[in-house]
Amino acid sequence: MSVKILPVPATRFTREERDAGVAFLVMLALIVVGPFVAYPFFVMQMLCIALFACAFNLLIGYVGLLSFGHAMFLGMASYVGAHAAKVWGLEPELAILCGVASAAALGLVTGALAIRSQGIYFAMITVAFSQMIYFFCVEAPFTHGEDGIQSVPQGFAFGLIDLSKPSLLYVFVAAIFLVGFFVVYRTINSPFGEILKAIRENEPRAISLGYRVARYKLAAFVLSASLAGLAGATKAIVVQNASLTDVSFSTSGEVVLMTLLGGMGTLYGPVVGAIVVVSMENYLAQFGQWVTVIQGAIFVACVLLFRRGIVGEIGKAIGWSI
Amino acid sequence: MFLGHAISMPQLYGQLLIGLINGSFYALLSLGLAVIFGMLNIVNFAHGAFYMVGAFAAYFLLHLAGVNYWGALVLAPLIVGAIGAIMERTLLKRIAGLDHLYGLLLTFGLALVIQGLFQNYFGASGLPYPIPPELQGARNLGFMFLPNYRGWVIVFSAVVCFATWFLIEKTRLGAYLRAATENPTLVRAFGINVPLMITLTYGFGVALAALAGVLAAPINQVRPGMGADIIAVVFAVVVIGGMGSILGSILTGFALGVIEGLTKVFYPEASNTVVFVIMAIVLLIRPSGLFGRGRLT
């Protein structure tokens, strides 16, 4: 009796898997090389902002909800994380979790109200709520108003990893970014993510198929808020302070810009957009308000000329699904 | 006595007056937003920027061309409105028919460009603009002193708001406008130049914002950031009133200004947030806004 051996297939991955794998390896390589070619603290901040943009993209790219006030989650978590680490003396990972919890709670309340309306109204409502949170942060005693929370201790992660050492802090931040990124990836490639995309494409149809659309939207909103909070609280540990900038309207606008520029609804678009926008702000800082003018011009150019964004256009040009 | 601390009547009237003034600006701005939205289906994020440009236009007219306040009151909205019309023709027109969100993103980008340019040249500080000599001084109303200029702003804004309402709801031109909002193709078939109407509508909405800017110049100084500060409140006003109704946006604007003023008297800490809290409550009870029809989509 002879055993028939099946031929091994020539390729073990589908095209999509190959494209996604290569793109991920490129990003991983950049994260490894990053601190050797640029100032490590700058790269860490960039990772936090990139995670923030990924969280934002989860809403606009996959549910079609444009939140124009996402800085409220970044900023609130940054304040709560900084407060927990400094005043309560919590370890950094617990402080970050406190920040995430605060952003999730805020996302639950504002999301429950905002998802009652759609499209541009949703955008306007999120603008209004974030402005309200901004004024709250100006007035509330624990945020210290204009001064912000300063000299936040970095402490020891899990009681033993000394985060005041830049190399260890970098590994810690990179790990958090990858965890957040993986959550986004898993979400959009899950049955839950498919339903979100169905809502984006045709909401009445999703309703007629029996899905409770409002619950899915709210779940996506809270998830996005939590991830934005993860980014904000981590950033507070990295830069050792929390300030009004993170909760301001301009930050909300910047994350929209990053995602639009990088490519809405693409997995890597927000990361690319964050790299471009943060670098631009850093290296063009000497030009003052011209940066705002350039950002506005990029907005206009993106909307008029390339709505797919950098990653979307490149993906289309080389025929990759990334 | 109220809430444990004494409120003096002059203070109450004073804040009511400031509330009415701010309400005038909210009403003019949300009215312009509603008019533009009705015709173009665009939420004009650049509205605050045009409000600021209106105030700067008055400032430039005075200092560079020697045009006084009354001249600026006519010329500034015309100039800024024309700039808006050009922007509609060259930029906004290209995204007609796309998802509404692109209009929001495009006008947000324009707002950044405009605001950034002004901040470059004028920094963050305010430039003074004098109250016109005819409106200086105050008059005694018996219970309070009313500065003449502030009284003028309230009365004039109310007149402009009413005139706009009348134009849109009661005249033939307004009927064309409303018809073109409902069904542009059919209205074009009747031989009416709808694209021109869209351009003029955008210009008109922008001119209203610029007019509010001119009115604000002598009260709040002329600052590059003045538009960015007010736009979030105006959005909240629009959400509360509902986009569907012209009269609704006017009434909501004035009412919220007054409520904000009263909050400054009774609970000053919340004066910046009260409008947003009201918005949250309205969204809970009437998601389509107080004067809106149907669902907000």
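All values derive from a computational prediction rather than experimental measurement.

Cut-off values and rules
Residues numbered from 1 in each chain as written. Chains lettered and ligands numbered in written order. Predicted model: local features only at pLDDT ≥ 70, side-chain atom pairs only at ≥ 80, totals over all residues. Helix = DSSP H or I, 4+ residues; strand = E, 2+ residues; numbered from the N terminus. Rg over C-alpha atoms; globule rule 2.2 N^0.38 Å. Buried ≥ 20, exposed ≤ 12 C-beta atoms within 10 Å, placed from the backbone. Contact = placed C-beta atoms within 7 Å. Nonpolar A, V, L, I, M, F, W, Y, C, P; charged D, E, K, R; others polar. Core = buried A, V, L, I, M, F, W, Y, C linked by C-beta atoms within 7 Å. Axes fitted to C-alpha atoms, helices over the stretch in contact; angles between N-to-C directions. Parallel < 35°, antiparallel > 145°, perpendicular 65-115°, else oblique. Left-handed = near helix turned anticlockwise from the far one by under 90°. pLDDT = per-residue confidence, 0-100. Expected span 1.5 Å × (residues − 1).

Participant: How do you make sense of the overall build of chain A when you look at a structure like this?
Facilitator: What chain A contains, in helices and strands, is 13 helices and two strands. The C-alpha radius of gyration of chain A comes to 20 Å, within 12% of the 20 Å expected for a compact globule of 322 residues. Overall size of chain A, expressed as C-alpha extent along the three principal axes, is 80 × 45 × 45 Å. Taken over 322 residues, chain A has a buried fraction of 49%.

Participant: Would you mind showing me how to read the overall build of chain B here?
Facilitator: Per the secondary structure count, chain B includes eleven helices and two strands. In terms of its C-alpha atoms, chain B occupies a principal-axis envelope of roughly 65 × 50 × 35 Å. The buried share among the 297 residues of chain B stands at 49%. Intrachain contacts of chain B at a sequence separation of at least 6 include 75% that bridge at least 24 residues.

Participant: Just checking my understanding: could you explain the interface of chain A and chain B for this structure?
Facilitator: One frequent convention defines the size of an interface as the accessible area lost when the parts assemble. With 35 residues of chain A at the contact, the number on the chain B side is 36 residues. With 14 residues, the single largest contributor to the side of chain A that touches chain B is helix H5 (residues 119-139) of chain A. The class makeup of the residues in the side of chain A that touches chain B is 23 nonpolar, ten polar and two charged.

Participant: Can you walk me through the nonpolar core in this structure?
Facilitator: General note: in soluble globular proteins, nonpolar side chains tend to be found buried as a group. Among the nonpolar cores identified, the biggest contains 201 residues, and Ala50, Leu51, Phe52, Met124 and Ala128 of chain A together with Ala210 and Ala236 of chain B are the most heavily contacted of them. No other element matches the 17 residues that helix H2 (residues 40-62) of chain A contributes to this core. In this view, Ala210 of chain B contacts Phe50, Tyr51, Val53, Gly54, Ala57, Ala76, Pro77, Val80 and Gly81 of chain B; residues no more than four positions away in its chain are not counted.

Participant: It is not clear to me how the packing of helix H3 (residues 71-86) of chain A against H5 of chain A should be interpreted in this structure. Could you clarify?
Facilitator: If you want to describe how two helices pack, look at the angle between their axes and the distance between the axes. Residues and elements named next belong to chain A. Closest axis-to-axis distance for the H3/H5 pair is 9 Å, and the angle between their directions is 25°. By the angle between their directions, the pair H3 and H5 is classed as roughly parallel. As H3 runs across H5, the sense of the crossing is left-handed. Note on element contacts: H5 touches H3 through Phe129, Ser130, Ile133 and Cys137, opposite Ala71, Met72, Gly75, Met76 and Tyr79. For the contact of H3 with H5, the class distribution of residues is seven nonpolar, two polar and no charged.

Participant: For this particular structure, what's the right way to read unusual backbone geometry?
Facilitator: With the exception of glycine, most residues fall at negative phi, and the peptide bonds are largely trans. For Ser151 of chain A, which is not glycine, the phi dihedral falls at a positive 40°. A positive phi angle, near 55°, is found at Asn41 of chain B, a position not held by glycine. Relative to the helices and strands, Asn41 of chain B resides in the loop between helix H1 (9-40) and helix H2 (47-64). Residue classification places Asn41 of chain B among the partly exposed residues on the basis of 14 C-beta atoms within 10 Å.

Participant: Which parts of the structure should I look at to understand the confidence of the model for chain A?
Facilitator: Should the pLDDT be low somewhere, the predicted coordinates at that spot are not to be read in detail. Scored by pLDDT, chain A has a mean of 88; 96% of the residues are at 70 or more. Mean pLDDT across the elements of chain A ranges from a minimum in strand S1 (residues 156-157) of chain A, with 78, to a maximum in helix H9 (residues 213-239) of chain A, with 94.

Participant: Help me understand helix H5 (residues 148-170) of chain B in this model?
Facilitator: Owing to its 3.6 residues per turn, the α-helix aligns residues three or four sequence positions apart on the same side. All names here are of chain B. Between its first and last C-alpha, H5 extends 32 Å over 23 residues, near the 33 Å set by a 1.5 Å rise per residue. Where H5 is concerned, the buried positions are Val153, Ser157, Val160, Cys161, Thr164 and Ile168. Packed against the buried residues of H5 are H1, helix H6 (172-182), helix H8 (194-216) and helix H10 (246-266).

Participant: Quick question: what am I supposed to make of the environment of Leu75 of chain B here?
Facilitator: Residue and element names in this part refer to chain B. Mapped onto the elements of the fold, Leu75 is located in helix H3 (residues 69-90). Along the primary structure Leu75 and Ser157 are separated by 82 residues, whereas in three dimensions their C-alpha atoms are 17 Å apart. With residues up to four places along the chain from it excluded, the contact list for Leu75 reads Leu61 and Val67.

Participant: What's the story with the environment of Met9 of chain B in this structure? I'm lost.
Facilitator: Counting through the fold element by element, Met9 of chain B comes out in helix H1. Between the C-alpha atoms of Met9 of chain B and Pro184 of chain B, which are 175 residues apart in sequence, the distance is 53 Å.

Participant: Hey, could you run me through the environment of Ala103 of chain A in this one?
Facilitator: All names here are of chain A. When you line up the elements, Ala103 lands in helix H4 (residues 92-114). Given 32 C-beta atoms within a 10 Å radius, Ala103 is considered buried. If we ignore the near neighbours within four places in the chain, the residues touching Ala103 are Phe73, Met76, Ala77, Ala225, Ser226, Ala228, Gly229 and Gly232.

Participant: What's the story with the packing of H3 of chain A against H9 of chain A in this structure? I'm lost.
Facilitator: Residues and elements named next belong to chain A. Across the interface, H3 lies against H9 with an axial gap of 7 Å and an inter-helix angle of 45°. In terms of orientation, H3 and H9 fall into the oblique class. Regarding H3 and H9, the two cross each other, and that crossing is right-handed. Seen from H3, the contacting residues are Phe73, Leu74, Gly75, Ala77, Ser78, Gly81, Ala82 and Ala85; seen from H9, they are Ala225, Ala228, Gly229, Ala231, Gly232, Ala233, Lys235, Ala236 and Ile237. When grouped by side-chain class, the residues that make up the contact of H3 with H9 number eleven nonpolar, five polar and one charged.

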